[in-house]
Protein chains: 2
Amino acid sequence: MTLSEEDYIKTIYHLAKGEGHSITTNAIADQMETKPSSVTDMLKKLSDKNLVNYKKYKGVSLTEKGAITALSIVRKHRLWEVFLVDKLDFAWDEVHEVAEQLEHIKSDKLIDKLDNYLGNPRVDPHGDPIPTKEGAFKKSVKKLISELPVGCQGVCVGVNDSSAAFLKFLDKNRISLGDTLTILEKEDFDGSVSIAINEKEMRISDQIASNLFLEVLENK
Amino acid sequence: MTLSEEDYIKTIYHLAKGEGHSITTNAIADQMETKPSSVTDMLKKLSDKNLVNYKKYKGVSLTEKGAITALSIVRKHRLWEVFLVDKLDFAWDEVHEVAEQLEHIKSDKLIDKLDNYLGNPRVDPHGDPIPTKEGAFKKSVKKLISELPVGCQGVCVGVNDSSAAFLKFLDKNRISLGDTLTILEKEDFDGSVSIAINEKEMRISDQIASNLFLEVLENK
DNA sequence: ACAAATATTTAGTTTTGTCTAAATTTATTT
DNA sequence: AAATAAATTTAGACAAAACTAAATATTTGT
C-alpha cells in the first residue's frame, strides 16, 4: 500500500465514524483538501484492490479488507501518540502531525514491541480507544468523574467549568488534559473521590469530580 | 526535501565515507539498485537545489548544504537505532530496515526529545558515532578492551576468538554485541579489567579483555 | 415534472521519479 | 594515436497522484 492509499482509507474510516455507511466523493475531497476528481481517480484504484465498495455517483464504503487496513493504521497512529506523550513528554495537542507520519512506518514487529513497551494501552492521549492487533476495540464515552463507578480508568479530556480558579486548581495539582486517571474509591458522605493519577494518589472533592470529564471505554 | 532526494544525499554521503571526494554515477546506481540514467536525472535536480556539486561525466560531491542535510539524516537514523535496541529490545542486526523508514520522519522537536529520552547517546548500536544537532561528530575506531585506557566508553562490536567456550562465557554473563561498556579500572598485577555493562559492574580477566572489540570515539 | 443547482466523473495535463534504448564522452588497449 | 570498451548522459516513455476544464448525473425547488 502506498502512503496516499493509506491516507484515503483512513479518511473514509473516520468519515464513516468507524461504521460502514456510504461516504460521498466531496466529503473526502473536503477532508483531505484535495479535488473531487482526484478522489474519483483514487476510489477506482482502491476499488480494484478490493479495499472499498464503490459505485459511480453512489458513494463509497470500506470493504472488510479495507476496514482491517484502516484499523491497523488507527492502531499505529494512536500507539505512537501514546509514545509521544508518555515517553517523550509531548503535550497531547501537539502530537497529531508527527503521528500522521509515524503511522505509515511498516513493521509489524515494531508495533508489537511498541505496544508492549507502552504497557499495552487501551486509549490514546485524547481518550480514543486503540484497536487490538486483531482489529477489535471498544467505543469510548465522555463522562464526568462523578458519574463513573469505582475502578474506572480513563483519560482527562475536558472540563465543565473553565473558570480561572478551577484551571488553576488543576495546574497546582499537576492534572493536565491527556493524563490517565483511575477512580480508586468514592466517599458516600461528601461525594469526594480518591484517584490515582501520574503515579500518585489523591482525593478530590465532589465539586472537582463534577467538573472534570474522563474519556472511558464503554462497558461492553 | 522528498524521500527520494534524502536517500540520494545519504547514499552519496556514505559512499564518500563522510569525506568530500567525488562519487561516480555508477557507484550510486549500484548502491541504490537503480539505473545510472535515473541517477543522472536526480543529480541534476540536487545540483539545482545546491545540495551537490555536479559536473557532467566528472562525478558528484556534497556541498556544505548537502553535507549538513546528510548528517541530519544520519543523526536521525542512528538515534532511532538506539531507540529500537535500548528501549524496544530489538537485536542490533535487525534494526536497519526500520530505521531506514524512521529516519525520514520530519520533526526537529521529535528528534530533540528522542535524543534526550535516550540519554544523548554518542554512538549507535553498531558503535557508529551519532552526529550532534549541529552536525559535529567524532570518528570511531575499533579496539580490544585490553588496548584501551580507564574511563573509555564504547560499544561491543566483535570478538577476536569466536570459540564456543568464549561465546558461551559472554552469553552466561549477558554480554551481547551492541551493549555499551565502560572501563572502570585496570589491574596491573594480572591485567584484569573492571567494567560497567548493562547497569552492572563486573571484573573480566586479561584473556577476555584481549578478545572483545569495542568501538570507541577517537580521542580527538 | 422540469429547470436550476449541485455533485460527480471523464478527458486531458502536469510533476516526480523511474525506465529503456540510443548517443556521447571518457578510459583503456594495442 | 586509433580502436575498442566502459561509463555517462540524453531522449523519449511510463506510472502514480495530483490538477483543470468540460461533460454528465443526481438532487432540489417550484
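Structure: see above.
The shown structure was predicted, so the numbers you read here are calculated from the model rather than taken from an experiment.

Caption draft 1: Quick look at the overall build of chain A. For chain A, the count of helices and strands is eight helices and eight strands. The proportion of buried residues among the 220 residues of chain A is 44%. For chain A, long-range pairs separated by at least 24 residues make up 61% of all intrachain contacts whose partners lie at least 6 apart in sequence. Approximately 12000 Å² of chain A is accessible, and the part contributed by carbon and sulfur atoms is 48%. Seen as two clouds, the 30 positive and the 36 negative side-chain charges of chain A have centres 6 Å apart.

Caption draft 2: Layout of the protein's contact with DNA strand D. Around DNA strand D lies a shell of 20 residues, among which S38 and K45 of chain A together with K44, Y54 and K56 of chain B are the nearest. T2 of chain A places a side-chain nitrogen or oxygen 2.7 Å from a phosphate oxygen of DNA strand D. T34 of chain A is positioned with one of its side-chain polar atoms (N or O) 2.6 Å from a phosphate oxygen of DNA strand D. Elements with a minimum of two residues in the surface near DNA strand D: α1 (3-15) and α3 (36-48) of chain A together with α2 (25-32) and α3 (36-48) of chain B. Here the residues of the surface near DNA strand D sort into five nonpolar, 10 polar and five charged.

Caption draft 3: Focus on the sheet that holds strand β5 (residues 180-186) of chain A. All names here are of chain A. Ordered by their spatial adjacency, six strands build an open sheet running β3-β8-β4-β5-β6-β7, and the pairing between neighbours is antiparallel. Looking at which strands have only one partner, the edges of the open sheet turn out to be β3 (140-144) and β7 (200-204). When strand polarity is set aside, the average angle formed by the axes of neighbouring strands in this sheet is 40 degrees. As judged from the five bridges shared by β5 and strand β6 (residues 193-197), these two strands associate in the antiparallel manner. Bridging across to β6, K186 finds its partner in V193.

Conventions and cut-offs
- Residues numbered from 1 in each chain as written.
- Chains lettered and ligands numbered in written order.
- Predicted model: local features only at pLDDT ≥ 70, side-chain atom pairs only at ≥ 80, totals over all residues.
- Heavy atoms only, no water.
- Helix = DSSP H or I, 4+ residues; strand = E, 2+ residues; numbered from the N terminus.
- Buried < 20%, exposed > 50% of the residue type's maximum accessible area, 1.4 Å probe, protein only.
- Contact = heavy atoms within 4.5 Å.
- Areas by Shrake-Rupley, 256 points an atom, 1.4 Å probe, with all protein chains shown as cover.
- Lys, Arg positive; Asp, Glu negative; His and termini not counted.
- Charge placed at Lys NZ, Arg CZ, Asp CG, Glu CD.
- Near = heavy atom within 4 Å.
- Polar contact = N/O pair within 3.5 Å; in protein donor to acceptor, adjacent residues only side chain to side chain.
- Nonpolar A, V, L, I, M, F, W, Y, C, P; charged D, E, K, R; others polar.
- Pairing = 2+ DSSP bridges.
- Axes fitted to C-alpha atoms, helices over the stretch in contact; angles between N-to-C directions.

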